[in-house]
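# A closer look at the structure
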Amino acid sequence: MPEFLFQHRRQLLAAAAALVLLLLAARFLLPAGTTTPAAPLPPPSGLGASAAAAPHARVVVDVVGAVRQPGLYRLEQGARIADAVARAGGATRKAELAQVNLAAPLADGEQVVVPRRGTAVPAGSGAGSTAGAGSPSAPVQLSTATLEQLDTLPGIGPTTAQKILDYRTKHGAFNSVDELDAVPGIGPKRLDELRDLVVP
């Protein structure tokens, strides 16, 4: 009889221990099982998706004219022409910013033309001007300009224009306006005069 009581007591203790373990497990699992911490998780994942898409929400623009560093620039979508001019090193002292709508939003593939003082810009072309090379409102593109277009530049006659074409034939497209310094007949002073009138 005492042995039976001892076994019965052991079974009761085991059952009590199992019950305590179940209660503890339920107590710790219930808070973990609630979705209160999980509720904020979807917004961060949504933000992660938009952040992943952010690099694609960019525009590429061509900034030319009276800026310190003309060229192609990638900016966030929603950026303004003022942002593009700033990325291009800012306007030069000869820039006519009154003819540029700096507040206008940028569009992908747009050409931002910052005109020189004394040149006219067609209405509505403060940015995205598609005027051809050699027109008064757009800089001459050294890599594509014809002899006649180069001849319209101040201080560049037919002979120097031909030298520019020869240089281009030998070395390929211009990567920088500074390359003009390597063309015979164009020195630092002439290069400085042409800097705001030409683009690579």
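Not measured: the values here are computed from a predicted model.

### Section: the pairing of strand β1 (residues 58-65)
Note: β1 against strand β2 (residues 71-76), six bridges, orientation antiparallel. Bridging from a neighbouring strand, arginine 58 pairs with glutamate 76 of β2. Count of turn residues in the β1/β2 antiparallel hairpin: five residues. Across four bridges, the pairing between β1 and strand β3 (residues 111-114) is parallel. Within β3, the position partnered with valine 64 by the bridge is valine 113.

### Focus: the side chain of threonine 160
Tracing the chain through its elements places threonine 160 in helix α5 (residues 158-171). By relative accessible area, threonine 160 is classed as buried at 14%.

### Some thoughts on the sheet that holds β2
Reading across the sheet, the three strands line up as β2-β1-β3 and stay open at both edges, with mixed pairing between neighbours. Two strands bound the open sheet, and with one partner strand each, they are β2 and β3. Averaged over neighbouring strand pairs, the angle between their axes works out to 35° when direction is ignored.

### Notes on the layout of surface pockets
If you add up the space inside the second largest pocket, you get close to 170 Å³. Around the second largest pocket sit Arg68, Thr92, Arg93, Lys94, Asp192, Arg195 and Asp196, which together line it. Of the residues in the lining of the second largest pocket, the class split is no nonpolar, one polar and six charged.

### Notes on the packing of aromatic side chains
Tallied over the entire structure, the rule returns one aromatic pair. With a centroid separation of 5.4 Å and 35° between ring planes, the pair formed by tyrosine 167 and phenylalanine 174 is classed as tilted. With respect to burial, tyrosine 167 and phenylalanine 174 carry one shared label: buried.

### Examining the pattern of salt bridges
Within this structure, the stated rule accounts for three salt bridges. For arginine 58, the salt bridge goes to glutamate 76, with nearest N and O atoms at 2.9 Å. Of this pair, arginine 58 sits in strand β1 while glutamate 76 sits in strand β2, and the two are 18 residues apart along the sequence. Note on arginine 58: relative accessible area 33%, which makes it partly exposed.

### Considerations on α5
The α-helix advances 3.6 residues per turn, and as a result positions three or four apart in sequence lie on the same side. End to end, α5 covers 20 Å across 14 residues, agreeing with the expected 20 Å (1.5 Å per residue, within 8%). Among the residues of α5, those classed as buried are Thr160, Ala161, Ile164, Leu165, Tyr167 and Arg168. Along the axis of α5, the buried residues cluster in a sector spanning 155°; they form a single face. Exposed side of α5, more than 90 degrees from the buried face: Thr159, Thr169 and Lys170 are the residues found there. Contacts made by the buried residues of α5 are with α4 (147-151). Where α5 terminates, the next one or two residues include glycine 172, which has phi positive at roughly 90°.

### What to know about a nonpolar patch on the surface
A contiguous nonpolar surface patch, about 280 Å² in accessible area, is contributed by Val20, Leu21 and Leu24. Topologically, leucine 21 is positioned in helix α1 (residues 2-33). The class of leucine 21 is exposed, set by a relative accessible area of 58%.

Rules behind the numbers
Counting restarts for each chain: residues are numbered from 1 in the order of the written sequence. Local features in this predicted model are restricted to residues whose pLDDT is 70 or higher, and side-chain atom pairs enter the listing and the counts only when it is 80 or higher, whereas totals over whole chains, interfaces and linings include all residues. The side-chain values count all of the structure's non-hydrogen atoms but skip hydrogen atoms and water molecules. By this definition, two strands are paired if DSSP reports at least two bridges between them. What counts as a helix is a DSSP run of H or I of at least four residues, what counts as a strand is a run of E of at least two, and both are numbered from the N terminus. Only protein chains enter the calculation, and the probe is 1.4 Å; a residue is then buried if its accessible area is under 20% of its type maximum, exposed if over 50%, and partly exposed in between. Only the stretch in contact is used when fitting a helix axis, every axis being a line fitted to C-alpha atoms; angles between N-to-C directions are given from 0 to 180 degrees. Two kinds of site are reported from a 1 Å grid over the protein atoms alone, namely cavities, where a 1.4 Å probe fits but cannot get out, and pockets, open sets with protein on both sides within 12 Å along at least five of seven lines, and residues are called lining when an atom falls within 4 Å of a point. Grid points are joined across faces, edges and corners, and a volume is the space filled by probe spheres set on the points. Any residue outside Ala, Val, Leu, Ile, Met, Phe, Trp, Tyr, Cys, Pro, Asp, Glu, Lys and Arg is labelled polar, Gly included; the first ten of those are nonpolar and the last four are charged. The criterion for an aromatic pair is that two Phe, Tyr or Trp rings (for Trp, the six-membered ring) have centres within 6.5 Å, with stacked assigned to planes under 30 degrees apart, edge-to-face to planes over 60 apart and tilted to the rest. Salt bridge criterion: a side-chain nitrogen from Lys or Arg within 4 Å of a carboxyl oxygen from Asp or Glu. By definition here, a helix of n residues has an expected span of 1.5 Å times n minus one. Arc definition: directions from the helix axis to the C-beta atoms. For this analysis, residues touch if any pair of their heavy atoms sits within 4.5 Å. To count toward a patch, a residue needs a relative accessible area above 30% and no salt bridge. Like charges then connect within 9 Å, nonpolar side chains (Val, Leu, Ile, Met, Phe, Trp, Tyr) within 5 Å. We get accessible surface area from the Shrake-Rupley algorithm with a probe of 1.4 Å; when it comes to residues, only the shown protein chains can shield them.

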